[in-house]
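Here's the letter readout for the chains.
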Amino acid sequence: MPELPEVEVTRRSFADRIASAHILALHLGKPLRWPLGVPAASLVGRQIWGVRRRGKYLLLDLDQGLLLVHLGMSGSLNFAPTQPEAGPHDHMDLVTDRGVLRLHDPRRFGAVVWAPSEDSPQAQKLLGRLGVEPLSAQFDVAAFALALKKRQSAIKQVLLAGDEVVGVGNIYASEALFMAGIRPTTKASRLSKPRVARLHAAIVQVLTRAVEQGGSSLKDFVNAEGRTGYFQLEAAVYGRAGEPCRVCATPIQSMLQGQRTTFYCPTCQKP
C-alpha cells in the first residue's frame, strides 16, 4: 500500500507540471471506493491551482472546490502529455491543457472525490480524523508525548491508527521503532519522555529519508513519471525476517499485529 512517502513523491513528480492547468475533460472508468460526488462534466473549465498532500490523500485545489485523490492499496498516478487507450485498471483520466493525469488501480480501493472546500462535510468525512503531519512544524514532541500517555494500545498500532500522527504506515512504523530502540508491542502509555523523543526524531528521519529515496517499491509503486523508489533497499528490519540485524547480527523476527506483519530486532528493541 502506498504510504506517506510514496504519496508525497507522487505529488512532487507532477505538481509543478499540472499547476495552472485547465480541465478539458474527466473520464471515469469502473466505480472506485466512493463516487465523485458531482457530474464529471461540471469540472470542465475549472483551473487547477496546485497540488497538496494531507496524510495519504492528494488534494488538487481548483478555482472552485478541490479533488481528493487516494491511491488505495495498489494505485498509482501517471501524468503525461497524452495517454494510450485506457485499460481495464485505468479508472480516471483527468484531461488538462497541460497533460493527462491517469489513475491506475487494479484493486479499485482508490478514490477520486470532489468537495466544495477542505472544511466541507464531503472533505472532512475523509480528512477530519487525521492526526498531525509528521513532516510539518506542527509535529511537536511534547504534544506527541502527552497524546501517547493516553493510549493503552501497542505503540505500533497507535502509529498505524493515524489519529495522533498521520501517514506512518506499516513499513515506516517498523523502521522508526527500530531506529528508536522500541519494541513494537510496548504500550504507548509506558513510553518515557526520552523514548518518545527518540521515536519522534526517528519518525521524521525515516520519512524524510524515504521521500529522498523516492519511496518504497515493494511491488508495483511508481511515481507520476513512472519511476520506482529505492528506500526498501536500505530498510533495517522491514521484510528482513530471519536475516541478521545490521547492528547486532541477531536474526530479525516478524509477527502479526492487527493483521499486519511487524518486523523487529529482539535485541536492539526493548519492551
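Report on the accompanying structure.

The rules we used
- Residues numbered from 1 in each chain as written.
- Predicted model: local features only at pLDDT ≥ 70, side-chain atom pairs only at ≥ 80, totals over all residues.
- Heavy atoms only, no water.
- Pairing = 2+ DSSP bridges.
- Helix = DSSP H or I, 4+ residues; strand = E, 2+ residues; numbered from the N terminus.
- Axes fitted to C-alpha atoms, helices over the stretch in contact; angles between N-to-C directions.
- Contact = heavy atoms within 4.5 Å.

## Considering the sheet that holds strand E2 (residues 48–54)
Okay, so step 1: The sheet built from four strands is open, its strands ordered E2-E3-E4-E8 with antiparallel pairing. The sheet is open, and its two edges are formed by E2 and strand E8 (111–115), each paired on a single side. The average angle at which neighbouring strand axes cross in this sheet is 20 degrees, direction not considered.
Okay, so step 2: Packing against the sheet, helix H1 (residues 4–18) makes contact with E2 and strand E3 (57–62), and its axis sits at approximately 170 degrees to E2.

## Description of the sheet that holds strand E1 (residues 23–28)
Okay, so step 1: Spatially, E1-E6-E7-E5 is the arrangement adopted by the four strands of the open sheet, whose pairing is antiparallel. Only two strands of the sheet have a single neighbouring strand rather than two, namely E1 and strand E5 (76–80). Between one strand axis and the next, the sheet turns by 15 degrees as a mean value, whatever way the strands run.
Okay, so step 2: Pairing between E1 and strand E6 (residues 90–96): five bridges, direction antiparallel. The residue of E6 that forms the bridge with Ala25 is Val95.
Okay, so step 3: Here H1 sits on the sheet and contacts E5, E6 and strand E7 (99–104); the angle it forms with E5, its principal contact strand, is near 30 degrees.

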